[in-house]
Amino acid sequence: MKQKIALLGSTGSIGCQTLDIVRRRPEEFEVTTLTAENRWEKLAEQAKEFKPDSVVIANEKHYKALSEALSNEPIKVYAGAAALEQVVAGGEVDTVVNALVGYAGMLPSLAAVKASKRLALANKESLVVAGNLIMSEAAKRNLPILPIDSEHSAIFQCLAGEVSAPRRVIVTASGGPFLRTPAEKLDKVTVAEALAHPNWSMGAKITIDSSTLVNKGFEVIEAHWLFGLRPDQIDVLVHPQSIVHSMVEFDDGAIKAQLGTPDMHLPIQYALRFPERGELGEDRLDFLKHPTLTFEPVDGERFPLLATAYDCLRRGGNSCCVMNGSNEEAVAAFLAGRIKYTDIARVIIGALERVDFVANPTVEDYAATNEASRQIARQIIAKC
Ligand code: NAD
Ligand code: MG
């Protein structure tokens with residue numbers, strides 16, 4: 001039986017790389033649903049190649065164009081955010097690959113878990129916003145959540161076969177394009193400079209998040225939920241070569257690491273084929289081409305948002321949701337040239353001071369918090 005995959009965000013960076021894996025193993029995988037937000041032409045092209053049962057275009061204004069492009073195909077065409085939650089729950093779906101970006105991924109993740117689907121998760125924002133809800137729904141059904149994020153895949157791979165709990169994990173960070181940029185130059189960095197990640201090619205939002213280390217902060221929160229670790233059991237080390245994807249330390253002092261070239265195909269395939277591995281056909285790591293692997297601490301002065309993420313995790317409640325929503329607004333404003341790079345931190349810290357704290361948020365509280373955080377972020381942005 002082929003594994004039937006609903007792929008959310010198929011036109012993005014992770015989405016396209018997931019389709020590379022499916023394309024190489026047609027005897028193993030079949031795509032039942034493909035979705036995109038705006039790029040309907042690309043979605044139509046993917047649908048003609050992979051012949052899913054349905055496609056969803058989240059932005060309803062492209063529904064007509066997409067329907068016309070697929071009028072000769074036996075493919076159902078849906079539009080709107082609610083349709084994402086419906087297609088993941090469909091009876092024919094085995095695995096949901098969530099490669100959406102941002103808050104938009106959270107409700108589809110929750111819907112997938114509630115429908116007892118295997119969730120292969122790239123959308124870290126799902127766990128940043130509502131990790132408690134998603135993990136408790138998964139635990140009720142004894143469902144694993146298969147990480148696609150490379151650091152979490154590395155930790156997951158290091159834990160496979162172990163019966164002892166880890167003492168701590170070390171999440172590695174490339175340090176991004178501004179690793180060596182002096183503090184006084186950060187307020188002048190351009191969008192193009194922030195988008196030029198040294199090692200990884202990714203969507204725009206995560207590339208900016210990598211440069212501010214918000215991405216690393218979100219990965220700390222993600223590790224907390226995925227692996228049940230306290231904040232003090234999760235350390236971050238800058239490793240500019242991006243070869244060691246993360247490490248796990250045990251009580252006896254043993255440290256296991258997963259190494260490889262910086263390429264998301266491996267974690268995507270591992271999540272889809274877990275617990276089996278298989279030929280991948282990508283570049284292999286040659287140690288002699290990378291004879292020096294280095295590690296250094298994060299400079300908290302220049303990258304204050306990593307500590308902000310730890311604070312939010314410790315505070316709990318809706319704090320991480322506030323950080324996420326205000327970050328999304330700030331990153332969009334920076335990408336549109338409306339605020340300076342260093343304003344991103346000001347917007348997030350301002351929103352965290354002003355949005356009401358909710359100790360035990362429900363899904364409705366998260367939606368309200370997300371809205372409030374974005375609104376306050378927009379007010380701060382308008383004054384920047
Ligand atoms: P991307 O911007 O390249 O793609 C995002 C996809 O989501 C696109 O298909 C887009 O159409 C869709 N989308 C965006 N907003 C949407 C909305 N509001 N409603 C519905 N669909 C929407 O992003 P990406 O780089 O592929 O990242 C996807 C997720 O994976 C993010 O959460 C990111 O943090 C995580 N991730 C990415 C990488 C990477 O290498 N790209 C690595 C680790 C984790
Ligand atoms: Mg990562």
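Residues numbered from 1 in each chain as written. Chains lettered and ligands numbered in written order. Predicted model: local features only at pLDDT ≥ 70, side-chain atom pairs only at ≥ 80, totals over all residues. Heavy atoms only, no water.

A few words on unusual backbone geometry. For residues that are not glycine, phi is negative in most cases, and the peptide bond is trans in most cases. Cis rather than trans, the peptide bond between Phe-274 and Pro-275 has omega equal to 10 degrees. Relative to the helices and strands, Pro-275 is located in the loop between helix 11 (265–273) and helix 12 (305–315). Positive phi, close to 60 degrees, is recorded for Ser-116, a residue that is not glycine. Mapping Ser-116 onto the fold places it in the loop between helix 5 (106–114) and strand 6 (118–121). Owing to a relative accessible area of 43%, Ser-116 belongs among the partly exposed residues under this scheme. Backbone geometry at Asn-142 places phi at a positive 60 degrees, although glycine is not the residue there. Checked against the element boundaries, Asn-142 lands in the loop between helix 6 (125–140) and strand 7 (145–147). (Helix = DSSP H or I, 4+ residues; strand = E, 2+ residues; numbered from the N terminus. Buried < 20%, exposed > 50% of the residue type's maximum accessible area, 1.4 Å probe, protein only.)

When its volume is computed, the second largest pocket comes out at roughly 480 Å³. The set of elements that each furnish at least two residues to the lining of the second largest pocket consists of helix 7 (150–159), strand 11 (255–259) and helix 11. Residues that form the lining of the second largest pocket fall into these classes: nine nonpolar, 10 polar and seven charged. (1 Å grid on protein atoms, 1.4 Å probe; cavity = no way out; pocket = protein on both sides within 12 Å on 5 of 7 lines; lining within 4 Å. Points joined across faces, edges and corners; volume = space filled by probe spheres on them. Nonpolar A, V, L, I, M, F, W, Y, C, P; charged D, E, K, R; others polar.)

In this section: the coordination of the magnesium ion (ligand 2). Around the magnesium ion (ligand 2), the protein contributes the donor atoms Asp-149 (OD), Glu-151 (OE) and Glu-219 (OE), at 2.0 to 2.2 Å from the metal centre. Mapped onto the polypeptide sequence, the residues donating to the magnesium ion (ligand 2) form the spacing pattern D-x1-E-x67-E. Of the two residues, Glu-151 sits in helix 7 while Glu-219 sits in helix 10 (residues 214–227), which places them 68 residues apart along the sequence. Its relative accessible area of 8% is what places Glu-151 among the buried residues. (Donors = N, O, S within 2.8 Å, 3.2 Å for Na, K, Ca; no water.)

Time to look at the sheet that holds strand 11. An order of 9-8-10-11 is seen for the four strands of this open sheet, with the pairing classed as mixed. This sheet does not close on itself; its edge strands, each paired only once, are strand 9 (234–238) and strand 11. Each adjacent strand pair in this sheet contributes to an overall mean axis angle of 20 degrees, direction not counted. The pairing of strand 10 (residues 244–249) with strand 11 spans five bridges and is antiparallel. Each bridged residue has a counterpart across the sheet, and for Glu-249 the counterpart in strand 11 is Ile-255. (Pairing = 2+ DSSP bridges. Axes fitted to C-alpha atoms, helices over the stretch in contact; angles between N-to-C directions.)

Here the focus is the sheet that holds strand 2 (residues 29–36). Judged by pairing direction, the sheet is parallel, and its seven strands sit side by side in the order 4-3-2-1-5-6-7 without closing on themselves. Every interior strand has two partners, whereas the edge strands, strand 4 (76–79) and strand 7, have only one. Each adjacent strand pair in this sheet contributes to an overall mean axis angle of 20 degrees, direction not counted. Helix 5 rests against strand 1 (3–8), strand 5 (95–98), strand 6 and strand 7 of the sheet, and its axis sits at about 150 degrees to strand 6. (Contact = heavy atoms within 4.5 Å.)

Close to ligand 1 lie 23 residues, the nearest being Thr-11, Ser-13, Glu-37, Glu-125 and Gly-203. The fraction of the free accessible surface of ligand 1 (830 Å²) that becomes covered by protein chains is 87%. Here the shell around ligand 1 is built from residues that sort into 12 nonpolar, seven polar and four charged. (Near = heavy atom within 4 Å. Areas by Shrake-Rupley, 256 points an atom, 1.4 Å probe, with all protein chains shown as cover.)

Axis separation between helix 14 (residues 343–354) and helix 15 (residues 363–383) bottoms out at 9 Å; the angle between their running directions is 130 degrees. Viewed along their axes, helix 14 and helix 15 adopt a mutual orientation that is oblique. Between helix 14 and helix 15 lies a crossing of right-handed hand. Contacts between helix 14 and helix 15 involve Val-347, Gly-350, Ala-351 and Arg-354 on the former and, on the latter, Ser-373, Ile-376, Ala-377, Gln-379, Ile-380 and Ile-381. Of the residues assigned to the contact of helix 14 with helix 15, the class counts are six nonpolar, three polar and one charged. (Parallel < 35°, antiparallel > 145°, perpendicular 65-115°, else oblique. Left-handed = near helix turned anticlockwise from the far one by under 90°.)

Keep in mind these values describe shape, not function.
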